Structures are given as structure tokens and as C-alpha cells.
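This is what each chain is made of:
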Amino acid sequence: MNRFVVKSVMRGLINGRSYCSGGSISGGHAYRSAIVGRSLQLSGQHNGVTFGGFEWRRMMSSAPASVEKATSEREEKTEKSAAEETKGKEVVTSSYWGISRPKVTREDGTDWPWNCFMPWETYRSDLSIDLKKHHKPKNFMDKFAYRTVKILRIPTDIFFQRRYGCRAVMLETVAAVPGMVGGMLLHLKSLRKFQQSGGWIKALLEEAENERMHLMTMIELVQPKWYERLLVLTVQGVFFNAFFVLYLLSPKLAHRIVGYLEEEAIHSYTEYLKDIESGRIENVPAPSIAIDYWRLPKDATLKDVITVIRADEAHHRDVNHFASDIHFQGKELREAPAPLGYH
């Protein structure tokens, strides 16, 4: 049967024009074909020569190449027009609700590239802030907060050592939690008691957003490994719930702990800068998101970014120690002016 099929196929060839395979057929002649279509698998022997496992692909196309090209171009145009139509429908759908982003530009007139923050939310960091300020523990609660932070630093130092990029990523995933928790609980308290917050809800949420922007910047510079991402997931889950309960029980202790955490952050970023200055860490160009967020010069570097982040941490240190002091005086936060826009 195989021999009959082979003979039938061979008779259909004209001047050896339509076969391709990995075997020899008819006296060792190899036939090739640029034809694609239905397939027929052949195997067996012919004239004592074994062939097998090759596939005959048949392309019965009588259209000239120019017609095929024209057809392909028409298909591409059809796909393009369909995509444009779909895009147009998306725009119509979003504008149906009257929601559309206004045209926002930079100072030089170029389009604003970010959706996560707007130009009026950017600022120039105050680098004149005193980085060496320290709240000396005065009572049992202060000492408890201070010792807790120092103990928490031990496993961090062991795990990250001098990998300050990865350390900063972990630090910012934790540092962005207290402001959000504090702002959320003050928001709920304001609703329950029908009271104003004195601006502290917004101040704490600003802090959380600022810390999150630190993280978004560091992610442009450092890509954490899978086990570091798992660590972030675990630490965030534990820290969020622990801080939530702590803030319900004692806001003054919660703010004091955050104040000391920020002091440790200042120390970590100072060590980061030392490694950059010594050449241990390459002083790469600053990410564009950092240049726009902190209004840095176009030629800013990693050193400039770490410097402004460290200044932000110093401001957060002051805000949280200030909030804790208000509570220690027996007052509520709403009774003191909130440090809005304090960067």
C-alpha cells in the first residue's frame, strides 16, 4: 500500500517541483516544496531507499504573489481600523460619566507623564532640617518604644547587612503603614463623635502617601527577589494588624514608636549615602519619577534621591514625636494644629 501511494505521488510531480522531506526518493533526488496546506504522512521504502516520518505539505494556491500581498495589506488595515474603533468606544464610555483627565503639563510645556501624582503635589524637600534630633526616653512608655525599635532592628541588620537598596524597599513597605492606620482610625473617630480632626487625618495620610512614593522610587532602582517579596508580605500583614491594635489601645505609644522608627530610617539612609560616596554603590542617574516628584534637576543622581528621602524621614520623625507629645499632655490631636504639607 505504501508503495502504491508513493508511486501515485511521484506521478503527480512535474519536473520534481513539490516535495520536501528528510529522506531520499527515486534515485537519491531530494524534492522541495514551498507549499503549505493539507498534510500527508508517508513512510516505507522506494527503490531500496528507506524514507519515513516526513510530511508532505500541499499548498494549492493559484493566486499570484501580488494578490496575496494585497490581501495581507487589506487584513492589516481591517485589524488597525478595528483597534481604532475599539479605542474610540473606550473613550466614549469613559466620557459618558463626564470623567476625563485634564491636560496637564510640566513647567517646560511637555505632557505630564504620571497618573499617581500631579504637579501641584510635588515639592522641593527641605534639606536644612536637623538630622541629629533625638527624643530621649523620659518614662517607661518612651523606654519601651525605644527598646522595641532597637530590637526590631537586629533581624533587619542580620538579613540585609549592607544591601541598603533592598533594605530601603522593606523599610518603606513598613513605614507607609502607620500613617494610613492612624489616618483611618482618626477618620472613623471623627465620624463617630461628629468632630473635626484638626487636619490630622490629612496630615497622616500625606505621610503614608509620601512613604509610598519613596517605595515607588526605590522599586525603579532595586528589584527585590522572590523571598524578599514574601518577607514583605509577611511583615506587612503582621505589622498592620499589630499597629492597628496598638493605635486603638495607646495612640501616644504608637506615635512614639513611629518616631523612633523614623530615627532608624535616617540612620539607614545615612549609611546608604556613605556607601554611595565611597563608591561601594554606583551613583546611577535618578529615576524620572523622583526627578518630577521632588523637582530635582534633570541630571540628578541616586545620591540626590537618597538625600531628599532622608530629609522626608526626618520630617516624619518630628511629626510623630510631636503627636505623641500632644497625647502625653492629655490632649487630643485635633486640639493642636496639624502639620499639613510639612515635608
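Above this text is the structure in question.
Residues numbered from 1 in each chain as written. Predicted model: local features only at pLDDT ≥ 70, side-chain atom pairs only at ≥ 80, totals over all residues. Heavy atoms only, no water.

In total, this model carries 15 aromatic pairs according to the counting rule given. Judged by centre distance (6.0 Å) and plane angle (25 degrees), the ring pair of Y164 and Y272 falls under stacked. Pair noted here: Y164 is in helix α4 (residues 164-193) and Y272 is in helix α7 (residues 251-278), with a separation of 108 residues, a long-range link. Owing to a relative accessible area of 8%, Y164 belongs among the buried residues under this scheme. Residue Y272 is classed as buried on the basis of its relative accessible area, which comes to 4%. (Phe/Tyr/Trp six-rings, centres within 6.5 Å; stacked < 30°, edge-to-face > 60°. Helix = DSSP H or I, 4+ residues; strand = E, 2+ residues; numbered from the N terminus. Buried < 20%, exposed > 50% of the residue type's maximum accessible area, 1.4 Å probe, protein only.)

On to the packing of helix α6 (residues 226-249) against α7. One can describe the packing of α6 onto α7 by two numbers: an axis separation of 6 Å at closest approach and a directional angle of 135 degrees. One finds that α6 runs oblique with respect to α7. Residues F239, F243, L246, Y247 and L249 of α6 form the contact with α7, whose participating residues are P251, L253, A254, H255, I257, V258 and L261. In terms of residue class, the contact of α6 with α7 is built from eleven nonpolar, one polar and no charged. (Axes fitted to C-alpha atoms, helices over the stretch in contact; angles between N-to-C directions. Parallel < 35°, antiparallel > 145°, perpendicular 65-115°, else oblique. Contact = heavy atoms within 4.5 Å. Nonpolar A, V, L, I, M, F, W, Y, C, P; charged D, E, K, R; others polar.)

Another point: the nonpolar core. One finds W200, Y247, Y272, W294 and I306 to be the most contacted residues of the largest nonpolar core, which totals 61 residues. Residue assignment for this core shows that the elements contributing at least two residues are α3 (140-160), α4, α5 (200-221), α6, α7, α8 (288-293) and α9 (302-328). Considering each element in turn, this core owes the most residues, ten residues, to α4. (Core = buried A, V, L, I, M, F, W, Y, C linked by side-chain atoms within 4.5 Å.)

It is worth spelling out α6 at this point. Helix length check: α6 (24 residues) gives 35 Å between terminal C-alpha atoms against 34 Å at 1.5 Å per residue, within 8%. What α6 keeps buried is the set E228, V232, F239, F243, L246 and Y247. Buried-residue contacts for α6 involve α3, α4, α5 and α7. (Expected span 1.5 Å × (residues − 1).)

A rise of 1.5 Å per residue sets the reference length of α9, with its 27 residues, at 39 Å; its end C-alpha atoms lie 39 Å apart and thus fit the reference within 8%. Among the 27 residues that make up α9, 21 are buried, leaving the element largely enclosed by the rest of the structure.

For the structure shown, the criterion picks out five cavities of 30 Å³ or more. In this structure, the second largest cavity occupies an estimated 50 Å³ of space. What lines the second largest cavity is F160, C166, V169, M170, P224, E228, R229 and V232. Its residues assigned to classes, the lining of the second largest cavity shows six nonpolar, no polar and two charged. (1 Å grid on protein atoms, 1.4 Å probe; cavity = no way out; pocket = protein on both sides within 12 Å on 5 of 7 lines; lining within 4 Å. Points joined across faces, edges and corners; volume = space filled by probe spheres on them.)

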